[in-house]
Amino acid sequence: MSEIQTTCPYCGVGCGVRATPSGDTLNPVQGDAAHPANAGRLCVKGAALHETLGTAGRLLRPRVRGQETSWEEALSAVADGLAAIRDHQGPNAIGLYLSGQLLTEDYYVANKFGKGFLGTPHVDTNSRLCMSSAVAAYKRAFGEDAVPGCYDDLEEAELMVFAGANPAWNHPVLYQRIKQAFATQPGRRAVVIDPRRTASCDMADLHLALRPGTDATLWNGLLVWLADRQMLDKAWLAEHCSGLEAALDSARASAPDTASVAAQCDLDEADVRCFYSWFEATPKTVSFWSQGLNQSTSGTDNGSALINCHLATGRVGKPGATPFSITGQPNAMGGREVGGLANQLAAHLDYDTPGALAEVEGFWQAPAMATEPGYKAVELFEAVERGEIQALWIMATNPAVSLPDADRVRRALEICPLVIVSDCVDDTDTLALADIVLPACGWSEKDGTVTNSERCISRQRALLEAAGESRPDWWIISQVARRMGFENGFNYPGPAEIFREHARLSARHRQDRLQFDIGGLARLSDHDYNTMEPVQWPVTPEHLHGRRRLFTDGRFATADGRARMVPVTPVQTVTDPEGRAPLQINSGRIRDQWHTMTRTGRAPRLLQHYSEPFIEANPEDLRHLEMKDGELATLQNNTGHYTGRLIATDAQRQGEVFVPIHWSDRITTSSVASRLFPAATDPVSGQPGSKLSDGRLTPFQCHWQGRLLTHTDSFQCSGEALFHVRVPMSNSTCWHLAGDQVTDWSCRAADWLGRTPDAEMHDPGAGRYRAAWYDRDGIAAVLLIEPTNDFPGLDWLDSLFTAPTLNEETRRQVLAGRAADVPDTGAIVCSCFQVGEYSIETAINDGANSVSALGNTLKCGTNCGSCVPELKAILEKKAALTSP
Ligand SMILES: Nc1nc2c(c(=O)[nH]1)N[C@H]1C(S)=C(S)[C@@H](COP(=O)(O)OP(=O)(O)OC[C@H]3O[C@@H](n4cnc5c(=O)[nH]c(N)nc54)[C@H](O)[C@@H]3O)O[C@H]1N2
Ligand SMILES: Nc1nc2c(c(=O)[nH]1)N[C@H]1C(S)=C(S)[C@@H](COP(=O)(O)OP(=O)(O)OC[C@H]3O[C@@H](n4cnc5c(=O)[nH]c(N)nc54)[C@H](O)[C@@H]3O)O[C@H]1N2
Ligand code: SF4
Ligand SMILES: [Mo]
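Each chain has its residues counted from 1, running along the sequence as written. The order in which chains are written sets their letters, starting at A; the order in which ligands are written sets their numbers, starting at 1. Only residues with pLDDT of at least 70 are given local features in this predicted model, and only at 80 or more are side-chain atom pairs given and counted; all residues enter the totals for whole chains, interfaces and linings. As a rule here, side-chain values cover all heavy atoms of the structure and leave hydrogens and water aside.

The name recorded for the protein in an unreviewed UniProt entry is Assimilatory nitrate reductase catalytic subunit, from Halospina denitrificans.

### So, the pairing of strand β19 (residues 418–423)
For clarity, the cut-off: A 1.4 Å probe rolled over the protein chains alone gives each residue an accessible area, and that area as a share of the maximum for its type sets the label: buried under 20%, exposed over 50%, partly exposed in between. Here a strand is any run of E in DSSP of at least two residues, a helix any run of H or I of at least four, and the numbering for each starts at the N terminus. Only strands joined by at least two bridges in the DSSP assignment are considered to pair.
Among the 6 residues that make up β19, 6 are buried, leaving the element largely enclosed by the rest of the structure. Burial of the side chains of β19 extends over both faces: Leu-418, Ile-420 and Ser-422 are buried on one face and Val-419, Val-421 and Asp-423 on the other. Where strand β18 (residues 391–395) lies against β19, 5 bridges are found, and the strand directions are parallel. Paired with Ile-394 across the two strands is Val-421, which belongs to β19. Inspection of the sheet shows β19 paired to strand β20 (residues 436–439) by 4 bridges, in the parallel sense. When the sheet's bridge partners are listed, Ile-420 is paired in β20 with Ile-436.

### Some words on the side chain of Glu-445
Basically, it comes down to this: Two N or O atoms count as a polar contact when they lie within 3.5 Å, although within protein this holds only if one can serve as hydrogen donor and the other as acceptor, and sequence-adjacent residues are included solely when both atoms are side-chain atoms. Whether two residues are in contact is decided by their heavy atoms: any pair within 4.5 Å suffices.
Within the fold, Glu-445 resides in the loop between β20 and β21 (448–451). Within polar-contact distance, the side chain of Glu-445 engages the side chain of Arg-58 at 2.8 Å. In this structure the side chain of Glu-445 is engaged in a polar contact, spanning 3.3 Å, whose partner is the backbone nitrogen of Ala-467. Excluding residues that lie within four positions of it along the chain, Glu-445 makes contacts with Arg-58, Ala-462, Leu-464, Glu-465, Ala-466, Ala-467 and Ser-470.

### Notes on the site of ligand 2
Convention followed: Residues are classed as near a molecule or strand on a simple rule: at least one heavy atom within 4 Å of it. A 1.4 Å probe and the Shrake-Rupley method give the accessible areas. Residues count as covered only by the protein chains that appear here. In the scheme used here, Gly and all other residues not listed as nonpolar or charged are polar, with Ala, Val, Leu, Ile, Met, Phe, Trp, Tyr, Cys and Pro taken as nonpolar and Asp, Glu, Lys and Arg as charged. Bear in mind that the domain bounds are from an automatic or database domain assignment.
Close contacts around ligand 2 come from 32 residues, with Gln-101, Asn-126, Ser-402, Asp-423 and Thr-596 the closest. Ser-402 is positioned such that a nitrogen or oxygen atom in its side chain is 2.6 Å from an oxygen atom of ligand 2. At a separation of 2.9 Å, a nitrogen atom of ligand 2 approaches a polar side-chain atom of Ser-587. When ligand 2 is considered free in solution it has 930 Å² of accessible area, and contact with the protein chains removes 98% of it. Tallied by class, the residues present in the shell around ligand 2 amount to 10 nonpolar, 16 polar and 6 charged. Shared between two domains, the shell around ligand 2 takes at least three residues from each, and those domains are domain 2 (63–130 + 331–493) and domain 4 (583–699).

### Points about the pattern of salt bridges
Rule in force here: When a carboxyl oxygen of Asp or Glu lies within 4 Å of a side-chain nitrogen of Lys or Arg, that pair is called a salt bridge.
Counted by the stated rule, this structure contains 58 salt bridges. Where Arg-500 meets Asp-526, a salt bridge forms, and the shortest distance between an N and an O atom there is 2.9 Å. Of this pair, Arg-500 sits in helix α21 (residues 495–506) while Asp-526 sits in helix α22 (residues 526–530), and the two are 26 residues apart along the sequence. Notably, a salt bridge pairs Arg-591 with Asp-592, separated by 2.8 Å at the nearest N-O pair. For the pair formed by Arg-591 and Asp-592, the shared burial category is buried. One salt-bridge network, in which partners are shared between bridges, spans Asp-407, Arg-410, Asp-427, Asp-429, Asp-665, Arg-666 and Arg-675.

### Quick look at the environment of Glu-808
Inspection of the secondary structure puts Glu-808 in helix α26 (residues 808–816). In the structure, Glu-808 is positioned 245 residues away from Ala-563 in sequence and 77 Å away in space, judged by C-alpha atoms.

### Considerations on the packing of aromatic side chains
How we decide: Each aromatic pair joins two rings of Phe, Tyr and Trp (for Trp, the six-membered one) with centres within 6.5 Å, and gets the label stacked for planes under 30 degrees apart, edge-to-face for over 60, and tilted for any other angle. We count a charge as sitting over a ring when the NZ of a lysine or the CZ of an arginine lies within 6 Å of the ring centre and within 35 degrees of the ring normal.
According to the stated counting rule, one finds 33 aromatic pairs in the structure shown. An angle of 90° between the planes, with centres 6.4 Å apart, marks the rings of Phe-490 and Tyr-492 as edge-to-face. Judged on exposure class, the residue Phe-490 and its partner Tyr-492 are both buried. For the pair Trp-704 and Trp-752, a centre-to-centre distance of 5.9 Å together with 55° between the ring planes defines the contact as tilted. With Trp-704 in strand β31 (residues 704–710) and Trp-752 in helix α24 (residues 745–753), this pair connects stretches of sequence that are 48 residues apart. Grouping residues by exposure puts Trp-704 and Trp-752 together as buried. Here Lys-112 stacks its cationic end above the ring of Phe-490, 5.1 Å away from the centre of that ring. In this arrangement the basic side chain of Arg-229 is found over the ring face of Trp-225, its NZ or CZ atom lying 3.7 Å from the centre.

### Details of the state of the cysteines
Let me state the cut-off plainly: A pair of cysteine sulfur atoms is labelled a disulfide when the two atoms are within 2.5 Å.
Enumeration according to the criterion identifies 0 disulfides in this entry. Counting only cysteine sulfurs, Cys-867 is the nearest neighbor of Cys-830, a cysteine outside any disulfide, at a range of 4.2 Å. On the basis of relative accessibility, which here comes to 3%, the residue Cys-830 falls in the buried class.

### Points about the side chain of Ser-732
Structurally, Ser-732 is set in the loop between β32 (721–728) and β33 (733–739). Residue classification places Ser-732 among the buried positions, given a relative accessible area of 5%. One polar contact links Ser-732 to Asp-798, side chain to side chain, over a distance of 2.7 Å.

### Topic: the domain arrangement of the protein
Segmenting the protein into domains produces domain 1 (4–52), domain 2 (63–130 + 331–493), domain 3 (132–325), domain 4 (583–699), domain 5 (704–816) and domain 6 (828–882). Its C-alpha centre places domain 5 at a distance of 31 Å from the equivalent point of domain 6.

### Quick notes on the sheet that holds strand β2 (residues 16–19)
Overall, antiparallel pairing links the 3 strands, which are arranged β1-β2-β5 in an open sheet. Of all strands in the sheet, those bounded by a partner on one side alone are β1 (4–7) and β5 (30–31). Of the pairings in the sheet, the one linking β2 to β5 comprises 2 bridges and is antiparallel in character. In the sheet register, Val-17 faces β5, and the bridge partner there is Gly-31.

### Quick word on the site of ligand 3
Around ligand 3, the structure places Cys-8, Tyr-10, Cys-11, Gly-14, Cys-15, Leu-42, Cys-43, Lys-45, Gly-46, Pro-172 and Val-173. When contributions to the shell around ligand 3 are tallied by element, the ones reaching two or more residues are α1 (44–47) and α7 (172–184). Partitioning the shell around ligand 3 into residue classes produces 8 nonpolar, 2 polar and 1 charged.

### Observations concerning the environment of Ile-661
Secondary-structure assignment places Ile-661 in the loop between β29 (656–660) and β30 (693–699). Considering only alpha carbons, one finds Ile-661 and Asp-429, 232 residues apart in sequence, at a separation of 14 Å. Those residues in contact with Ile-661 that lie beyond four places of it in its chain are Val-401, Ser-587, Gly-588, Arg-589, His-595 and Ala-673.

Spelled out as structure tokens, the structure:
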């Protein structure tokens, strides 16, 4: 088979991928050198794409109330169920909950079906949890949700401000591009604004570790600073922007001077002044913001405060000068374009855009047009809880894990009479609560388009046969619609036809100033669609090659063409007014995992960076609490609890902890971060404040810790095992365990595995126990128990699972857990080349004293580069240890 160009399904960078099918899988994928987003680069998640394929763990057939069934029956069950609820309770009793991981064609069809044909306004998406604050801030400023800049601007900037973003881990290819551009042109500066010292601080000249939730104050202070130094672009403001006076008044009231800002944000005044003076002095500034600003109960104001500073200096839509909201999901943008948010209609038209409702209704020939905005994600699930929404169709998202107050979300789904879930994996926390389960095609099996963070539309292409009976999402929705009597609106032969319809609707016939217009793509033939090259919207018949930047002429999408500065009055976020809960909780992402791990959690090499849920805390706090690095601990508050392993780090401010969002109940006992966050939302955007909560940290009481390696990936640990995490390894599954006193280990081990161990070693005095089970001559399982979490590296044991026979000597070593002559490489730091921490330390001891020297000896850091910050940290740690 020949090589096919497609797009990575993870983050919003939207990298081009080249893949070659081989049998029922892919050869290792490569970055596409011809794609404008990545020019050949891939990060470790993209590079591991071919390792997450295959039918294992996939959802292969539809299920209705637990029974596998045919598509015919499942589609009828959905259509009849929805029709019954619509007919008895009205269309508003139905909700659709969509996702920025659907392709644009899927998304368009779902939105049309919900808002135009079912007649429910309650169509929202997980982008509500992700980008809705940035969307709202853009609309307030520019009159439209439109990202003015492009990736080239990030390379052209002379000052990069990363605000509430950790691109080194979450947008790695873009981060590498920026870093490289900065390295080749000295004199440029980068600032990171984040309460934590993250991997992105690797390229920062200044890190502002501000008090969480105080970003708007910091940006307001900057506006005041710029005004006081006569650094506002008065001429540009006079011609292109309104609202300066009111915005400045609010800024002065809340952030009168740098001393006040420093006190409110808990920063050094000198650092605040440093940031302000760099911003003042650098016309080519890009402010790159993400969830640290968006996921806040004042997320929209955070965005506005940042955009205000760009408008006040005329730094919008110019090369190297722009406010840049980076998107998270691969098609968060596509969703915004089709109108997937409950307050949008379609094609950047809103319910209140004059004439829009009639236009969309006519275009769709919609029989039951929704007429006003519907519930936003959190409200949608509250309506389910109240019984107002009786049927909910969830596609390509896992709300039981990702929505705040996750247990409440689960209870709402439990009582909802009809929960339909379309997913491509077989087992998620949300699927477990579904009445009807529909198998969707996944990446590599479906055709369509996605739009990345710089408005670039790229094709995802089918490379492999669909797994089992899975079908593309657009097909599933269309089939249901047709069964409900809407043949005419949903007669699509394929995604190309859907794309053309979407493009036609977007074509601007009206005299508005909206930038979103892909009318130039409305006449693509199927062949053109199949061979479509990446292109940035707008794409009009006059500009078929798209446009890099928007608003370059200073004309915006508002009625009068002027941008708006918005007054921002920061609200002091008090999470615990009574001050009883000692710790503030922050949450976010790790480098090698994607969200709820349904795909990345299957690639053993992506679990070597972090294999368990964790809690990062400042060493001082742990000392006070008499807890230690490496111990298990539980965070607890009113909405739930979370158990993870403590990591002591001074990257964390005192009084604050950080937890990853990735682990679900499918993988571990109780480590769902969203259980710790109340469902408090931003009043404008409806985005939940998933970055700030509070809770207490207590030790997780356990008498032993264990590792169990088995052939199978299912194992019911019962009785005294209080905590477990499932970690796929290359040849086996490893269970990390911890639990209560066990009096008879032989008995317990036999119980867990269903048969007596074939070999055992017990040292009760040391709290140590080992057991091994053999299958004929090969190994079936090994159990290692220690009093603390002190285990050898398990790669050697894992490698034995492929050996057909084991000799006596090996069997003896199995009980020791490690072959005497196999060195332990430690936790994997470089996932690309599988280089562990101990190997790196050894190389440093042997004289490799820089990142490039380590790269020369071990290759670590020489591929995607996302481990470079960690390599530096290890180098620094070693240097500190050896310096006198
Ligand atoms: N590896 C990986 N990459 C991903 C994803 C993934 O799951 N894994 N998901 C993708 C998606 S959908 C998204 S939305 C993006 C998200 O990308 P990011 O926004 O970069 O990711 P997060 O880690 O959620 O949060 C960023 C930072 O916000 C900081 N923060 C918390 N509170 C505050 C605050 O009050 N002020 C400021 N200034 N900062 C604060 C956190 O400490 C954290 O370091 O990543 C995308 N890329
Ligand atoms: N506390 C806290 N909570 C957060 C965040 C945070 O930082 N902190 N971040 C929030 C953000 S920004 C986001 S984006 C969300 C992400 O949260 P989710 O969207 O819930 O997470 P995913 O694991 O990406 O869920 C996608 C699901 O779709 C399935 N899937 C993949 N491809 C397809 C497909 O083509 N079709 C169908 N039908 N299914 C498919 C996957 O198997 C998976 O089950 O989490 C949010 N929640
Ligand atoms: S940077 Fe994002 S889009 Fe690019 S390969 Fe990595 S996960 Fe995929
Ligand atoms: Mo996101």
